[in-house]
Amino acid sequence: MTNESSTPGTSERRESLDFLREIVARDTESGRYHGRVVTRFPPEPNGYLHIGHAKSICLNFGIAQDFGGVCNLRFDDTNPETEDPEYVQSIQNDIRWLGFDWEDRLYFASDYFEQFYQFAVQLIKDGKAYVDSLNEEEIRQYRGTITEAGRPSPYRSRTVAENLDMFARMRAGEFPDGAHVLRAKGDLAAPNMKMRDPLLYRIRHATHYRTGDTWCIYPMYDYAHPLEDAIERVTHSICTLEFENNRAIYDWLLDSLFEEPRPHQYEFARLNLDYTVMSKRKLLQLVEEKYVSGWDDPRMPTIAGLRRRGYTPEGIRLFAARIGVDKTNSRVQIGVLEDAIRDDLNARAPRVMAVLRPLKVTITNYPARELEWLDAPYWPRDIAKEGSRQVPLTGTIYIEQTDFSEEPPPGWTRLRPGGEVRLRNAYFIRCDEVVKDPEGTVVELRCSYDADSLGKTVGAERKKSTAIQWVSAEHAVVAEVRLYDRLLTVPDPEAGEEGKSFKDYLNPRSIEVLKDALVEPSLAQTPPGERFQFVRHGYFVADLVDSQPGALVFNRIVELPDSFNKALGKQADGTPADQGKGTKEKGSKAVPAPANAAVTTSISDE
């Protein structure tokens, strides 16, 4: 039923060029790189990718596509203590799922370890690098402060021959971890403290997942990154803003070892999304400390988690296009992401009926043992789309508990004692009797139906009612339904109260599991990954891991838009519509959709 394409379309691009594309366009027009455009996506394989990485993937691969260039996938695997083949595979899966392909351009920093070493030897020979024997704390003290220049290490004056000998012995494994480092000879008075003799190599006696025990010295990221770009002939090296100060090291190394036209680094604002944490270290904590079921838990902001939640690659790409590319950091409201997912699902998710909290209804005047099959379109408000299924009606059905109220509020349009409502795609029923258990809980409604109301135009009074979903008691399929909410309770968990960590803001109600939900029989053979709109409940997907025909498990992807919830007297999170009215999440920005973006025009087919 789902028509999912994995190829990014031009409709997802922004009408005007962002500042990075303006740079690439200018370089292309000037012939700076002789018409070449080469970008790269360089993750470290020390965790699963998250929604922030998705923005970077869309940017790097998107720029390459827009300018007829290529984008490399490169794993910056220079830390043997944290990296794992599992992460390498998951990253490749995520990029392909998002709709991008690096073709034959798969690279690893570890492929260049020998070249890195030889470049370091060249820097030593040129008098631009030296082996330092200060420990970590001493290096920090000698570096100085923002207001005080650094002091030269007592080992900075080692001769070229001494440095070459020491560096070779470091490689040979003669020294323990931390005994020596290789440093560049920078400017000890530089305002940018990154340039005060930056570290290039450290000793780590650890087994690398690709090179084994071949190496016991490993390059620092600031050393490896620009060299990788130059070796791969990257033209535009696009990083997030936290690497802005590191650009000085990038330029110094490439100016020392390469000629123009060499790569150049440009920075953009990383994605900061409300109600999430983006640190792989913190996400790993959630996994290892069992706050979530794994990296692909649908509450996680990882791409694997979003995929299992039911998000589409098209929806994530649409989100990336809408938020654009900024030069300054800011926070994006979670609703911007949810709106993009809704807008995509609105066009691809067929409408079906599900009763999440069942309430029994006996239609007392329905013919005994009668079974009627009624035609129900998958796209009731889109005449351009075809497709329907048959739903069975019998004398005993289940409706949603929230579709009945003994004491309804003003404007109530669903079922009440003595009131009428239409069963979706079926007849009008009237509530004649309410049956309660000894505790006073409503357990059954006894109703009568209007046999002449099927498919007929109704009068003014009946037009005021809402068509409600239902399932036949005899034919309904039991399903487990998982209702997911935000994992954290505050927009910015990194800026919480003093003495608290982000874990203090974990939402204890981030998941609600309904074991006895009922869905219409057309869903009985639903394969994992199939998406639907459960009418008036939101968008759902058959879980990729736990669901199978005969044992269905559905995840709620996203609720319906705020406008629909407000019509029910609720906010998007289910709280009363007047709760919190007039408040605004501090430090967040709502990003409006650009004029050419798709906009949801049908929130639900009532």
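### Details of the pattern of salt bridges
Evaluated as defined, the whole model comprises 49 salt bridges. Residue Asp-111 pairs with Arg-210 through a salt bridge whose shortest N-O separation is 2.9 Å. Linking Asp-111 in the loop between β3 (106-108) and α4 (113-125) with Arg-210 in the loop between β6 (199-203) and β7 (217-219), this pair joins segments that are 99 residues apart in sequence. For Arg-210, a relative accessible area of 39% translates into the label partly exposed. For Lys-282, the salt bridge goes to Glu-494, with nearest N and O atoms at 2.3 Å.

### Let's talk about the packing of aromatic side chains
Counted according to the given criterion, the structure contains 20 aromatic pairs. Aromatic side chains Tyr-366 and Tyr-449 sit 5.1 Å apart centroid to centroid with 55 degrees between the ring planes, which places their arrangement in the tilted category. Linking Tyr-366 in the loop between β14 (358-363) and β15 (372-377) with Tyr-449 in strand β20 (residues 442-449), this pair joins segments that are 83 residues apart in sequence. Note on Tyr-366: relative accessible area 5%, which makes it buried.

### A closer look at the layout of surface pockets
Its volume calculated, the second largest pocket comes out at about 860 Å³. Every residue lining the second largest pocket is counted, 34 residues in all, and those nearest its centre are Glu-44, His-53, Glu-242, Phe-243 and Lys-280. Those elements that place two or more of their residues in the lining of the second largest pocket are β1 (38-41), α2 (51-66), β8 (236-240) and α9 (280-288). Ranked by residues supplied to the lining of the second largest pocket, first place goes to α2 with five residues.

### Looking at the nonpolar core
With 44 residues, the main nonpolar core has Ile-51, Ile-57, Ile-95, Leu-273, Ile-316 and Phe-319 as its most contacted residues. When contributions to this core are tallied by element, the ones reaching two or more residues are α2, β2 (70-75), α3 (85-98), α10 (303-309), α11 (313-323), α12 (334-348), β25 (538-542) and β26 (552-558). With sequence-adjacent residues up to four places away left out, Ile-51 is seen in contact with Leu-271, Leu-273, Met-278, Pro-301, Leu-306, Ile-316, Phe-319 and Leu-337. Membership of the second largest hydrophobic core comes to 32 residues, among which are Phe-113, Ala-120, Phe-167 and Met-195.

### Brief notes about α4
Under the 1.5 Å per step criterion, the end-to-end length of α4 is 19 Å for 13 residues, consistent within 8% with the ideal 18 Å. Within α4, the full set of buried residues consists of Phe-113, Phe-116, Tyr-117, Phe-119, Ala-120, Val-121, Leu-123 and Ile-124. Looking at the residues trailing α4, positive phi occurs at Gly-127, about 75 degrees.

### Points about unusual backbone geometry
Cis geometry is found at the peptide bond from Glu-260 to Pro-261, where omega equals 0 degrees. If you trace the backbone, Pro-261 turns up in the loop between α8 (247-257) and β9 (264-268). In this structure, Arg-369 takes a positive phi of about 60 degrees despite not being glycine. With respect to the helices and strands, the residue Arg-369 is situated in the loop between β14 and β15. For Arg-369, a relative accessible area of 83% puts it in the exposed group. Of note in the backbone geometry, Asn-425 takes a positive phi value of approximately 65 degrees without being a glycine. Looking at where Asn-425 falls in the secondary structure, it is placed in the loop between β18 (420-422) and β19 (428-436).

Basis of the calculations
Residues numbered from 1 in each chain as written. Predicted model: local features only at pLDDT ≥ 70, side-chain atom pairs only at ≥ 80, totals over all residues. Heavy atoms only, no water. Salt bridge = Lys/Arg side-chain N within 4 Å of Asp/Glu carboxyl O. Helix = DSSP H or I, 4+ residues; strand = E, 2+ residues; numbered from the N terminus. Buried < 20%, exposed > 50% of the residue type's maximum accessible area, 1.4 Å probe, protein only. Phe/Tyr/Trp six-rings, centres within 6.5 Å; stacked < 30°, edge-to-face > 60°. 1 Å grid on protein atoms, 1.4 Å probe; cavity = no way out; pocket = protein on both sides within 12 Å on 5 of 7 lines; lining within 4 Å. Points joined across faces, edges and corners; volume = space filled by probe spheres on them. Core = buried A, V, L, I, M, F, W, Y, C linked by side-chain atoms within 4.5 Å. Contact = heavy atoms within 4.5 Å. Expected span 1.5 Å × (residues − 1).

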